[in-house]
Amino acid sequence: MEIPTLGKITPYPFQWELVQNIINHIRKQLKREIKPTPAYINAFVSSGKTIVAGAVANHCSKVGAKLLVLARTGELVEQDQEEIWNMDSPCSIYSASLGRKSTHFNTVVGTEGTVANALNGDFSQWIPHIILIDEAHQVPWQDVIEKGDSCYSKIINHFQLLNPNVVIIGMTGSPYRGIESIRG
């Protein structure tokens, strides 16, 4: 398997295999070959989920797909954004804690609270094809299913209403939220 260098970074073989699997899943879902169902990646801590997110963003940038990368904190948003730029993929930041709110590029990396608060504003017109959630074990899946009040629930349900084919992929180092499986 030939692994390309993306900007300044060459993914490890296991990361590149994961990226290819994610891209294939996205392709199948967008072509409606499979049912639009949220998926998640369980990769160990320090396995390079940020590199994987950057490589997926790089692919989305090349094909013109809109990607929303969500994280809980500004620190994670900065890490994800930096890796995406390192892979020569432009992206915007949407995070009040970082003092930046932009949807200029096709990839937006944002904090869940700031994005949730802008659903009727900037995110009423900027609609992603793919939502990639960093630290997905923090998503309260029952609340999402029940269309509850959590930020993630508001975001996911908002974009599913605007784009029923939106692809949702979570990345986590733990497939559990507390003692409950995140597989719902």
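Residues numbered from 1 in each chain as written. Predicted model: local features only at pLDDT ≥ 70, side-chain atom pairs only at ≥ 80, totals over all residues. Heavy atoms only, no water.

**Some details on unusual backbone geometry**
And then number 1: One non-glycine residue, E135, lies in the positive phi region at around 60°.
And then number 2: Position of E135 among the secondary structure elements: in the loop between strand 6 (130-134) and helix 5 (141-145).
And then number 3: With a relative accessible area of 21%, E135 lands in the partly exposed category. (Helix = DSSP H or I, 4+ residues; strand = E, 2+ residues; numbered from the N terminus. Buried < 20%, exposed > 50% of the residue type's maximum accessible area, 1.4 Å probe, protein only.)

**Section: the nonpolar core**
And then number 1: With 32 residues, the main nonpolar core has I22, I26, L67, I130, L132 and I169 as its most contacted residues.
And then number 2: At 7 residues, helix 2 (residues 49-63) tops the list of elements feeding residues into this core. (Core = buried A, V, L, I, M, F, W, Y, C linked by side-chain atoms within 4.5 Å.)

**With respect to the environment of D122**
And then number 1: By the secondary structure assignment, D122 is in the loop between helix 4 (112-117) and strand 6.
And then number 2: Contact partners of D122, with chain neighbours within four places excluded, come to Y94 and T103.
And then number 3: Looking at D122, its side chain comes within polar contact range of the side chain of Y94, at 2.5 Å. (Contact = heavy atoms within 4.5 Å. Polar contact = N/O pair within 3.5 Å; in protein donor to acceptor, adjacent residues only side chain to side chain.)

**Regarding the pairing of strand 3 (residues 92-95)**
And then number 1: Burial along strand 3 is two-sided: S92 and Y94 facing one way and I93 and S95 facing the other are all buried.
And then number 2: Of the strand pairs in this sheet, strand 3 and strand 5 (residues 107-111) are connected by 3 bridges, and their pairing is parallel. Within the sheet, the bridge partner assigned to S92 lies in strand 5 and is V108.
And then number 3: Here 2 bridges tie strand 3 to strand 4 (residues 100-101), and the two strands are oriented antiparallel to one another. (Pairing = 2+ DSSP bridges.)

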